[in-house]
Amino acid sequence: NAGVMQNPRHLVRRRGQEARLRCSPMKGHSHVYWYRQLPEEGLKFMVYLQKENIIDESGMPKERFSAEFPKEGPSILRIQQVVRGDSAAYFCASSLQRESSYNEQFFGPGTRLTVL
Amino acid sequence: GDSVTQMEGPVTLSEEAFLTINCTYTATGYPSLFWYVQYPGEGLQLLLKATKADDKGSNKGFEATYRKETTSFHLEKGSVQVSDSAVYFCALSKRDSGYALNFGKGTSLLVTP
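Residues numbered from 1 in each chain as written. Chains lettered and ligands numbered in written order. Predicted model: local features only at pLDDT ≥ 70, side-chain atom pairs only at ≥ 80, totals over all residues. Heavy atoms only, no water.

(A) Representation of the pairing of strand 11 (residues 111-115) of chain A in the model. Residues and elements named next belong to chain A. Residues Thr-111, Leu-113 and Val-115 point to one face of strand 11 and are all buried, whereas Arg-112 and Thr-114, pointing to the other face, are not buried. Taken together, the three bridges between strand 9 (residues 88-95) and strand 11 define a ladder with antiparallel strand orientation. Bridged to Ala-89 within strand 11 is Arg-112. (Buried < 20%, exposed > 50% of the residue type's maximum accessible area, 1.4 Å probe, protein only. Helix = DSSP H or I, 4+ residues; strand = E, 2+ residues; numbered from the N terminus. Pairing = 2+ DSSP bridges.)

Listed below in structure tokens is the structure:
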């Protein structure tokens, strides 16, 4: 059973370009979370999605960032007009169900975004 | 709002030493508590969990007990190995926040032979 897949693993963009980060959850998982890890900091929640729905985007910057999780295909985190401060590791996690007090999230290996 | 505070690292120990990494939390309601481990260049892996007060999570020789009275979830291991060198994250989640994980800043552990 393949784990959570993320690609690319490393992404370099120049200021002003767009970055697209992909996340394929574990088989059977319909819940996806995105987290950002800035240098020397812990992970911060960005957005929580279910298939075709954004459930909670309270941790995502209001501008330039968007996320989707279509019925078919991976979840996408999109950053428009990147700035140097967007340089970070972006992790995706998936889980099987929500209505449970035990909610193990399985993490992907992350995408390390570098903005030049 | 809810938050998690971990002891700052780096922590450097000799092999077979006793490990404690402190974690305290602030939260309303009844959070679940977790320890995740991140090896260099990799994503996070769940190390152990506890879902209610007085629960003890354990895995690979690591233990942590959910103490509601002290709002703590300290990670311990009796005898560390070089292979335990990694960054350890304490985290909480709650149902009313969609179970999104709220992480501490992480504690880097280096175990030397």
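(B) Spotlight on the sheet that holds strand 8 (residues 75-79) of chain A. Residue and element names in this part refer to chain A. Read across the sheet, four strands follow the order 1-3-8-7 without closing on themselves; strand pairing throughout is antiparallel. For this open sheet the edge positions go to strand 1 (5-7) and strand 7 (65-68), each flanked by a neighbour on one side alone. Averaged over all pairs of adjacent strands, the angle between strand axes in this sheet comes to 15°, irrespective of strand direction. With four bridges connecting them, strand 7 and strand 8 associate as antiparallel partners. Residue Ala-67 lies in a different strand from strand 8, and its bridge partner there is Leu-77. (Axes fitted to C-alpha atoms, helices over the stretch in contact; angles between N-to-C directions.)

(C) Layout of the state of the cysteines. Applying the stated rule across the entire model yields two disulfides over all chains. The disulfide partner of Cys23(A) is Cys92(A), and the S-S distance across this bridge is 1.7 Å. Negative torsions about the S-S bond denote left-handed disulfides, and the value of about -45° found for Cys23(A) with Cys92(A) makes this one left-handed. Placement of Cys23(A) in strand 3 (residues 19-24) and of Cys92(A) in strand 9 is noted, with a sequence separation of 69 residues between them. Paired by a disulfide, Cys23(B) and Cys90(B) hold their sulfur atoms 2.0 Å apart. Looking along the S-S bond of the Cys23(B)-Cys90(B) disulfide, the torsion reads about -70°, which is the left-handed sense. With Cys23(B) in strand 4 (residues 23-26) and Cys90(B) in strand 10 (residues 86-93), this residue pair connects regions lying 67 residues apart in the sequence. Across this residue pair, the class does not change: Cys23(B) and Cys90(B) are buried. (Disulfide = S-S within 2.5 Å.)

(D) Broad picture of the interface of chain B and chain A. Between chain B and chain A, the contact holds 21 residues from the first and 23 residues from the second. Here chain B and chain A share an interface that buries about 1,800 Å² over both sides, 55% of which is from carbon and sulfur atoms. Of all residues in chain B, the largest losses of buried area upon contact with chain A belong to Leu44(B), Tyr99(B) and Phe103(B), amounting jointly to 28% of the total for that side. Scanning the region where chain B abuts chain A turns up zero salt bridges. If you look at where chain B meets chain A, you find four residue pairs in polar contact (both at pLDDT 80 or more). Breaking the side of chain B that touches chain A down by element, the ones donating at least two residues are strand 5 (32-38) and strand 6 (44-50) of chain B. Among the elements that make up the side of chain B that touches chain A, the one with the highest residue count is strand 5 of chain B (four residues). (Contact = heavy atoms within 4.5 Å. Buried area = accessible area lost by both parts, 1.4 Å probe. Salt bridge = Lys/Arg side-chain N within 4 Å of Asp/Glu carboxyl O. Polar contact = N/O pair within 3.5 Å; in protein donor to acceptor, adjacent residues only side chain to side chain.)

(E) Here's a closer look at the packing of aromatic side chains. Residues and elements named next belong to chain A. Scanning the entire structure with this criterion turns up twelve aromatic pairs over all chains. Aromatic side chains Tyr-35 and Phe-107 sit 5.5 Å apart centroid to centroid with 40° between the ring planes, which places their arrangement in the tilted category. In this pair, Tyr-35 is assigned in strand 4 (residues 31-37) and Phe-107 in strand 10 (residues 106-107), connecting sequence segments 72 residues apart. With respect to burial, Tyr-35 and Phe-107 carry one shared label: buried. (Phe/Tyr/Trp six-rings, centres within 6.5 Å; stacked < 30°, edge-to-face > 60°.)

(F) Summary view of the nonpolar core. In terms of nonpolar packing, the biggest core is built from 25 residues, with Trp35(B), Leu48(B), Phe73(B), Leu75(B) and Tyr88(B) touching the most fellow members. Considering every element that reaches this core, the biggest residue donor is strand 10 of chain B, with four residues. With sequence-adjacent residues up to four places away left out, Tyr88(B) is seen in contact with Gln6(B), Ile21(B), Trp35(B), Tyr36(B), Val37(B), Leu47(B), Phe62(B), Leu75(B), Gly106(B), Thr107(B) and Leu109(B). Core analysis: the next-biggest nonpolar cluster, separate from the first, contains 23 residues, Met46(A), Phe65(A), Val82(A) and Cys92(A) among them. (Core = buried A, V, L, I, M, F, W, Y, C linked by side-chain atoms within 4.5 Å.)

(G) Spatial organisation of the pattern of salt bridges. Scanning the entire structure with this criterion turns up seven salt bridges over all chains. Among the salt bridges present, the one from Asp2(B) reaches Lys94(B), with a minimum N-O distance of 2.8 Å. Of this pair, Asp2(B) sits in the segment before strand 1 (3-6) while Lys94(B) sits in the loop between strand 10 and strand 11 (102-103), and the two are 92 residues apart along the sequence. A residue is classified by how much of its surface remains accessible, and Lys94(B), at 8% relative accessible area, is buried. Across the salt bridge formed by Lys77(B) and Asp84(B), the nearest N and O atoms sit 2.8 Å from each other. The burial state of Lys77(B) is the same as that of Asp84(B); both residues are buried. Look at the salt bridges and you will find they share partners, linking Glu18(A), Arg20(A) and Arg78(A) into a network.

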